[in-house]
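Here is how the chains run, residue by residue.
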Amino acid sequence: MSLSHSRRPALVAALSAVALALTALTAAAPHQPEASTSSAAFPYQDPSLPVPVRVDDLLGRMTLDDKLGQMTQIEKDALVPVSDLATHRIGSVLSGGDSTVSPNNAQTWADTYDALQRTALGTPLGIPLIYGIDAVHGHNAVRGATIFPHNIGLGATRDPALVRRVGRAVAEEVAATGIDWDFAPCLCVARDDRWGRTYESFGEKPELPAAMATLVTGLQGDTLGADPASVLATAKHYIGDGGTAGGVDQGDTRISEAELRAVHLPPFQEAVRRGVGAVMLTYSSWNGVKAHGDKYLVTDVLKGELGFSGFVVSDWAAVDQLDGQSGFTGAEITKAVNAGVDMVMVPHDYKKFLTLLRGEVTAGRIAQTRVDDANRRILTKKFQLGLFERPFTDRSLTPGVGSAAHRALARDAVRASQVLLRNEGGVLPLPRTAKVFVAGKSADDIGNQSGGWTVGWQGRSGAVTDGTTVLQGIRAAVSDPARVTYDRYGNGIDATYTAAVAVVGETPYAEGRGDRPGGLGLDQEDLATLSRLKASGVPVVTVLVSGRPLDIASQLSDWKALLAAWLPGTEGAGVADVLFGGYAPTGKLPVTWMKSASQQPVNDGDGKVPLFPYGYGLTYSGADPEPTPTPTPTPTPTGAECTAQFRVASSWGGGYQAEITVRNSGSTPLTGWAVDWDLGGATVTNLWNGTLTPSQGRPTVRNAAFNGSLSPGGTTSFGFTASGTAGAPVPHCAAS
């Protein structure tokens, strides 16, 4: 989600009317409200019936106002009076990046959610609301929650199973506050580091974000709503926001359809395959057409071709941007809804929005069938989540926010995300007995190391939440904390130190403010600090805390070691674990590291010579990190069999996109597979979710590291684009 600079939610100090109303409602409510256990009066209230039957019954009882309300999402702090939630039959509430509660803790968030939910249930049909929030690297609006590395760091881990566990932990903390919908994961493919949302991307090549779509399963579980910690996931921002010209946020992605499909579509295909419940659209345009009004991309491709059965939500006030003028118009609403938007994130002027929406429907410009389709999609997810049976916060989860177990997982993720880019003379790992001088503005700053979207939209420096700074982690890692000296600016260092650790980089930002078209270098404070350290003659170990690669080629020779720490979140001890050898670095670059900012955009395979290539990462001499899984199949065990089915997803003049589904048709688990087929004269131009070996017109694709294991009956798929004609090949699958 994005927040327009002119439409940011009011700060908590300006929300007294809403806060008082919510507090009054909460005070009158028990702390652990229960759903009604009375027998179902209507079929939609009967949990024993299939969800489609319940949806049909409820739809038949809803008025037009009920249906339009379900298509409306509003900011919590815009709800004045709170009773408007029931009056206007509002179906969804969200908290934007700066929306908060007071005091900001898990208990107050849960109380707030339950009060709003109780109001929604007071309507004649008792349809529960669904509450959304941007928990993009932990439940980051809640002070005291566990903050995990931002996606760029998780991409560096190359560990989809770890990312799934992170998703599960985030879901547990989100559900602990009652909230049931997470605006995550961001599955953008970042192609230009000048873009201020680069850190929200898992990487620059489609196979990496696609592999990390395991976060969807972590958030939702194997089956949506199967347990109290199941939270609706959102694949965002569909589609192409990481490929805008110049890396401009909310810009224009000027590429061919073939490139759009090859680079930016695969992560969404994988999310849909995993059953993601919602998709959020991008503010961006594709060749001048805004996604929020692009029926071809939303209805034809996403809902039709990909078979997405969840609901599509707009981004923050994005429908209001369709005509380039401030203020909703009926024409904008019609264009968006008819393009395939099911729920509109208004987020403030909901009365005007509902009036205009009603006018467009009654005038016939939005068909009743389109309204019913949107409602069917939204209500299906509410039923699947179990909101009709379990509408209130499960308070047994609330103490788990910021738990030791979740923080330990976050520390593991930090360790795995560190990418060692330089280690001259084996200066790392540092001995635990070392005398260490620590400097830099991000050495002792939770806000800096957590980045944007941390207890506020843009984030901020300072003690914004609870956690362990890198400096605190270093002091805990050494044998004698008294041998660690810290000065932010590097003052006081002398030649007696074993090493100087400089923790420098970017300060927090989010979209818009984070765009850096004018350069990607270190700021003057960092350069001055590094200069003081260099002048001492002590070996300098630089730890870069940043949401993207920085332009550091001219300083690199001054440093004995360089560790890319990305934005590690609250568990800075994970960085220290790597610095002192408690964990050998295993991270690999998820993006190409520029030689200079003038190279931007720079990506793997574009012919530009980088400072460090995509996939680069060192480890320690003598360390025994887990080997990169080989795609080469091992000998076929008895009973291991597989089949492969070819399907053309789409075609255009001179090319096509296809998907091959691999199925374990045997009686034992597969540990790997390989598929080959006759291209019939075509040429593969891009491939995802596998490793391609071309061979005289008959390519072989072997499993990627994350999709080789299949239980009997299990399936996975890989996709590719090709020039030429698809034909009707019969692929052959070999199991291992």
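Computed from a predicted model, the values in this text were never measured in an experiment.

Caption draft 1: Inspection of empty space enclosed by the protein at higher detail. Going through the model one piece at a time under the given rule, you end up with 7 cavities of 30 Å³ or more. Volume-wise, the largest cavity comes out at about 90 Å³. A breakdown of the residues in the lining of the largest cavity according to their chemical character gives 6 nonpolar, 2 polar and 2 charged. The calculated volume of the second largest cavity comes to roughly 70 Å³. Every element with two or more residues in the lining of the second largest cavity is listed here: α6 (151-157), α7 (160-175) and α9 (214-220). Partitioning the lining of the second largest cavity into residue classes produces 10 nonpolar, 3 polar and 1 charged.

Caption draft 2: View of the side chain of T380. Here T380 shows up in helix α15 (residues 368-385). The class for T380 is buried, based on a relative accessible area of 18%. Residues contacting T380, with those up to four places away along its chain left out, are V51 and V55.

Caption draft 3: Structural detail: the pairing of strand β7 (residues 278-281). Taking every second residue as pointing to the same face, both faces of β7 are buried, with A278 and M280 on one and V279 and L281 on the other. When strand β5 (residues 234-238) meets β7, the two strands line up parallel, connected through 4 bridges. Its bridge partner lying in β7, T234 is registered against A278. Relative to strand β10 (residues 311-313), β7 is paired through 3 bridges, and the arrangement is parallel. Across the sheet, the residue bridging to V279 is V312, located in β10.

Caption draft 4: Spatial organisation of the state of the cysteines. Counted under the stated rule, the structure contains 1 disulfide. Shown here is the disulfide that connects C642 with C733, its sulfur atoms set 1.9 Å apart. On the S-S bond that ties C642 to C733, the torsion sits near -105 degrees, and the link is left-handed. Remark: C733 occurs in strand β25 (residues 732-735) and C642 occurs in strand β18 (residues 642-652); sequence separation between them is 91 residues. Look at C733 and you get buried, because its relative accessible area is 11%.

Caption draft 5: Spotlight on α7. The first and last C-alpha atoms of α7 sit 22 Å apart over 16 residues, in line with the 22 Å expected at 1.5 Å per residue. When α7 is considered as a whole, its buried residues turn out to be P160, L162, V163, V166, G167, A169, V170, A171, E173, V174 and A175. Considering only its buried residues, α7 is in contact with α6, β4 (181-182), α8 (207-211), α9 and α16 (404-417).

Caption draft 6: Up close: the pairing of strand β17 (residues 561-566). β17 sits mainly inside the fold: 6 of its 6 residues count as buried. Neither face of β17 is left uncovered, since the one carrying A561, L563 and A565 and the one carrying L562, A564 and W566 both have all their residues buried. Alignment of strand β12 (residues 419-423) against β17, held across 4 bridges, turns out to be antiparallel. Directly across from V419, in β17, lies its bridge partner A564. As defined by bridge partners, strand β16 (residues 540-545) adjoins β17 across 5 bridges and the pair is classed as parallel. The partner of T542 across the bridge, within β17, is L562.

What counts, and at which threshold
- Residues numbered from 1 in each chain as written.
- Predicted model: local features only at pLDDT ≥ 70, side-chain atom pairs only at ≥ 80, totals over all residues.
- Heavy atoms only, no water.
- 1 Å grid on protein atoms, 1.4 Å probe; cavity = no way out; pocket = protein on both sides within 12 Å on 5 of 7 lines; lining within 4 Å.
- Points joined across faces, edges and corners; volume = space filled by probe spheres on them.
- Nonpolar A, V, L, I, M, F, W, Y, C, P; charged D, E, K, R; others polar.
- Helix = DSSP H or I, 4+ residues; strand = E, 2+ residues; numbered from the N terminus.
- Buried < 20%, exposed > 50% of the residue type's maximum accessible area, 1.4 Å probe, protein only.
- Contact = heavy atoms within 4.5 Å.
- Pairing = 2+ DSSP bridges.
- Disulfide = S-S within 2.5 Å.
- Expected span 1.5 Å × (residues − 1).

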